[in-house]
Amino acid sequence: MDVKQFIRTIPDYPKPGIMFRDITTLLGDAKGFRGAVDALVQLHDGAKFDLVAGIEARGFILGGAVAHQLQLGFVPVRKKGKLPWKTIGQEYALEYGTDTVEIHSDAIREGDRVLLIDDLIATGGTAEAAVKLMSRAGGRVTAASFVIELPELGGRKLLEGLGIEVLSLCSFDGH
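A brief look at the structure comes next. (Residues numbered from 1 in each chain as written. Predicted model: local features only at pLDDT ≥ 70, side-chain atom pairs only at ≥ 80, totals over all residues. Heavy atoms only, no water.)

Time to look at the nonpolar core. Most often, soluble globular proteins keep nonpolar side chains buried together rather than apart. Counting 26 residues, the largest nonpolar core has Val77, Ile103, Ile108, Leu116, Met134 and Leu159 as the members making the most contacts within it. At the level of elements, β3 (51–55), β4 (73–79), β6 (97–104), β7 (113–121), α4 (125–136) and β8 (140–149) are the ones that each hand at least two residues to this core. Those residues in contact with Met134, other than ones at most four positions away along the chain, are Ala53, Val77, Ile103, Ile108, Val114, Leu116, Gly139 and Val141. (Core = buried A, V, L, I, M, F, W, Y, C linked by side-chain atoms within 4.5 Å. Buried < 20%, exposed > 50% of the residue type's maximum accessible area, 1.4 Å probe, protein only. Helix = DSSP H or I, 4+ residues; strand = E, 2+ residues; numbered from the N terminus. Contact = heavy atoms within 4.5 Å.)

Spelled out as structure tokens, the structure:
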């Protein structure tokens, strides 16, 4: 299945020159959503994981469905201040400033193998922060999968440099 047919492109959002790749059209189509989840699962046929982690917010939708299919637990990687219990966090750089992602301090056990899921990889900054966070918690992200990749922005190379297998269902040129 070609997932690109289900992805809407919104020009000049959130600022001029950006082509925003919107997966809400994919999620809203039963065939597209099911196909994308099945394809994400099939990318890792035979691999062994203990947990699936998803990055807020679209990574929750996709990662939760992938975890269900793989019969694994799910770890939400959230923006700072959104989790109700003890957390650990990882700061990362934005274009202007910084942000932080967090997980519950007991979400990952020592040695857990984690599959990281999100909708899109661009520069890889958020994914890198999630990887570092899970490593600090005692786990090891062995693979990361995305519906969309923007190869020109270098996120794949960043994660591969950390020893992580990076897979995506489709890619788009540009930003």
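Glancing now at unusual backbone geometry. The peptide bond linking Tyr13 to Pro14 adopts the cis configuration, its omega dihedral lying at 5°. Relative to the helices and strands, Pro14 resides in the loop between β1 (8–11) and β2 (19–22). A cis amide bond, omega 0°, links Glu56 with the succeeding residue Ala57. Even without a glycine there, the phi angle at Asp12 is positive, about 60°. Here Asp12 shows up in the loop between β1 and β2. With a phi close to 60°, Gln71 is a non-glycine residue in the positive phi region. With respect to the helices, strands and loops of the structure, Gln71 is situated in the loop between α3 (58–70) and β4. For Gln71, a relative accessible area of 72% corresponds to the exposed category.

Pairs can form between side chains of opposite charge whenever their charged atoms are close. The full count for this structure, using the stated rule, is 10 salt bridges. In this structure, Asp50 and Arg113 form a salt bridge, with 3.2 Å as the shortest nitrogen-oxygen distance. Placement of Asp50 in the loop between α2 (30–42) and β3 and of Arg113 in strand β7 is noted, with a sequence separation of 63 residues between them. Relative accessible area serves as the criterion here: at 26%, Asp50 is assigned to the partly exposed category. Residue classification places Arg113 among the partly exposed positions, given a relative accessible area of 28%. A salt bridge links Glu128 to Lys132, with the nearest nitrogen and oxygen atoms 3.4 Å apart. Here the residue Glu128 and the residue Lys132 both occupy positions in helix α4, the gap between them amounting to four residues, near one helical turn. In this structure Lys132 comes out as partly exposed when scored by relative accessible area, which is 37%. Taken together, the salt bridges that share partners define one network made up of Glu149, Arg156 and Glu160. (Salt bridge = Lys/Arg side-chain N within 4 Å of Asp/Glu carboxyl O.)

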